[in-house]
Amino acid sequence: LGPGRQRAPPGTMAKDARAGGELDVPGKARKGKRDLEKVLLLCTRGVTHRHRHLFQDLMQLLPSGKKENKLDTKKDKDVVNEIAELKGCTSCILFEVRKRMDLYLWMAKTPNGPSVKFHVQNIHTMAELKLTGNHLKGSRAILSFHGAFDEQPHLQLLKELLSQIFGSSTKKHQKTKPFIDHVFNFTLADNRIWFRNYQIVLSDDRSKTNFDKMQLVEVGPRFVLNPVKMFSGSFKGQVLYENPNYVSPNTVRADERRGKSSRYVQKVKAKKRRKIHEEKNAKAPDEFADLWQEHDLSD
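Residues numbered from 1 in each chain as written. Predicted model: local features only at pLDDT ≥ 70, side-chain atom pairs only at ≥ 80, totals over all residues. Heavy atoms only, no water.

A few points about the overall build of the protein
Helix and strand content of the protein: 8 helices and 11 strands. For the protein, the proportion of its 299 residues judged to be buried stands at 35%. The contacts of the protein with a sequence gap of at least 6 include a subset with a gap of at least 24, amounting to 65%. Accessible surface, the protein as shown: approximately 20,000 Å² in total, 50% of it carbon and sulfur. (Helix = DSSP H or I, 4+ residues; strand = E, 2+ residues; numbered from the N terminus. Buried < 20%, exposed > 50% of the residue type's maximum accessible area, 1.4 Å probe, protein only. Contact = heavy atoms within 4.5 Å. Areas by Shrake-Rupley, 256 points an atom, 1.4 Å probe, with all protein chains shown as cover.)

Quick notes on the environment of S248
Summarising the element assignment, S248 is placed in the loop between β11 (239–242) and α7 (249–280). On the basis of relative accessible area, S248 is assigned to the partly exposed category, the value being 23%. Linking S248 and D102, residues 146 residues apart in sequence, is a C-alpha distance of 9.7 Å.

With respect to the layout of surface pockets
By volume, the second largest pocket amounts to about 190 Å³. A per-element tally of the lining of the second largest pocket places helix α6 (residues 153–166) first, with 3 residues. (1 Å grid on protein atoms, 1.4 Å probe; cavity = no way out; pocket = protein on both sides within 12 Å on 5 of 7 lines; lining within 4 Å. Points joined across faces, edges and corners; volume = space filled by probe spheres on them.)

What to know about the pattern of salt bridges
Applying the stated criterion across every chain, the model contains 13 salt bridges. Residue R196 pairs with E218 through a salt bridge whose shortest N-O separation is 3.8 Å. In this pair, R196 sits in strand β8 (residues 192–201) while E218 sits in strand β9 (residues 215–218), placing the two residues 22 residues apart along the sequence. For the residue pair R196 and E218, the accessibility class agrees, reading buried in each case. Salt bridges linked by common partners bring K77, E96 and R98 together as one network. (Salt bridge = Lys/Arg side-chain N within 4 Å of Asp/Glu carboxyl O.)

Side note on helix α3 (residues 49–61)
Taking 1.5 Å per residue as the helical rise, α3 with its 13 residues ought to reach 18 Å, and the 19 Å between its terminal C-alpha atoms agrees with that figure. All of the buried residues along α3 are H51, L54, F55, D57, L58 and L61. All buried residues of α3 project into a common sector of 160° when viewed along the axis, lining one side. (Expected span 1.5 Å × (residues − 1). Arc of directions from axis to C-beta.)

As for the packing of aromatic side chains
In the structure shown here, the tally under the stated rule is 11 aromatic pairs. Through pairs of rings, three or more aromatic residues link up here, namely F145, F149, F166, F184, F186, F195 and F223. Positioned above the aromatic ring of Y104, the side-chain terminus of K117 is 4.7 Å from the ring centre. (Phe/Tyr/Trp six-rings, centres within 6.5 Å; stacked < 30°, edge-to-face > 60°. Lys NZ or Arg CZ within 6 Å of the ring centre and 35° of its normal.)

With respect to the environment of S64
In this structure, S64 sits in the loop between α3 and β2 (65–67). On the basis of relative accessible area, S64 is assigned to the buried category, the value being 1%. Spatially, the C-alpha atom of S64 lies 7.0 Å from that of K175, the residues being 111 residues apart in sequence.

Some words on unusual backbone geometry
Residue P111 follows T110 across a cis peptide bond; omega there is 0°. Summarising the element assignment, P111 is placed in the loop between β4 (102–109) and β5 (115–124). With an omega of 5°, the peptide bond between G113 and P114 qualifies as cis. Mapped onto the elements of the fold, P114 is located in the loop between β4 and β5.

Structural notes on the pairing of strand β10 (residues 222–231)
Counted residue by residue, β10 has 8 buried out of 10 residues, so it is predominantly covered. For β5 and β10, the ladder comprises 8 bridges, and the chain directions are antiparallel. Each residue of the ladder has a partner; that of K117, found in β10, is K229. Of the strand pairs in this sheet, β8 and β10 are connected by 3 bridges, and their pairing is antiparallel. The partner of W194 across the bridge, within β10, is V224. Across 3 bridges, the pairing between β10 and β11 is antiparallel. Among the inter-strand pairings, F231 is bridged to a residue of β11, identified as V239. (Pairing = 2+ DSSP bridges.)

Comments concerning the nonpolar core
In terms of nonpolar packing, the biggest core is built from 36 residues, with I93, F95, M107, F166, F186 and I193 touching the most fellow members. At 6 residues, the largest contribution of residues to this core is made by α6. When near neighbours in sequence (up to four residues on either side) are disregarded, F166 contacts L58, L62, M107, L143, F184, F186 and F195. Within the second largest apolar cluster, 13 residues are counted, among which are L40, L42, V80 and A108. (Core = buried A, V, L, I, M, F, W, Y, C linked by side-chain atoms within 4.5 Å.)

Examining a nonpolar patch on the surface
Taken together, Y264, V265 and V268 make up a surface patch of nonpolar side chains, about 270 Å² in accessible area. Structurally, the position occupied by Y264 is in helix α7. Overall, Y264 belongs to the exposed group, its relative accessible area being 58%. (Patch = residues over 30% accessible without salt bridge, like charges linked within 9 Å, V, L, I, M, F, W, Y side chains within 5 Å.)

All quantities given are derived from atomic positions and should not be read as evidence of function.
Spelled out as structure tokens, the structure:
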């Protein structure tokens, strides 16, 4: 060392190198944060108030969720994979709205897939239901699946995808509370997935937990997921499963309009038949038709 220079204390050079980004030694804390599951939540343009409230409810139920601005495009969904990579998210939930009335929900593992497209029906938000259940915000949840999810391959894939997205909150996440006080229930009925959220209510005697007296009180929200298609990639790829029982809402509305038009056609035909019947079966002249007119004239 030259004159006027002093040797730096041990460890100072290592700290300066880490601060400048020259030396990066992965530690336990950094590795733990890197391995966390994060869910990206975003929606397209045209969402209604009911869809927006459901979106906010899911944000509250998923502490590991990250919100993003609305998408300007509905065709190019590869942008979602780029946004998820920038946000450090491994899963994605996309709200896609058509005609400001039909809600389609995408669940995908970014960037390699798989992904599932659902048609969301029977939406009831927390603010709308006003149920008595209430659990801690940011707490962890128990996932309860119907036994039918283990019977078919596509249902097993759906179960794994739902488990990774809704069960992404772990103790390591900074926004997650280390408590388990609610249950996410996924029931399979009528070829649809019915979602319910229940609070776990224990007895007042907290000295010893009695599982026999444990109760479930619904919190909300409620919605039904009707699977449409499953893809091998994220928002694209080979079609793994297509629901043969799915009917598009446009087809349902067209059938209703045809039903209304058929009723109108039946009324018109009934009037024509009545007119033809009256022409063929003319009424006989009434012999008392002029009785009162003659009486009035005589008065």
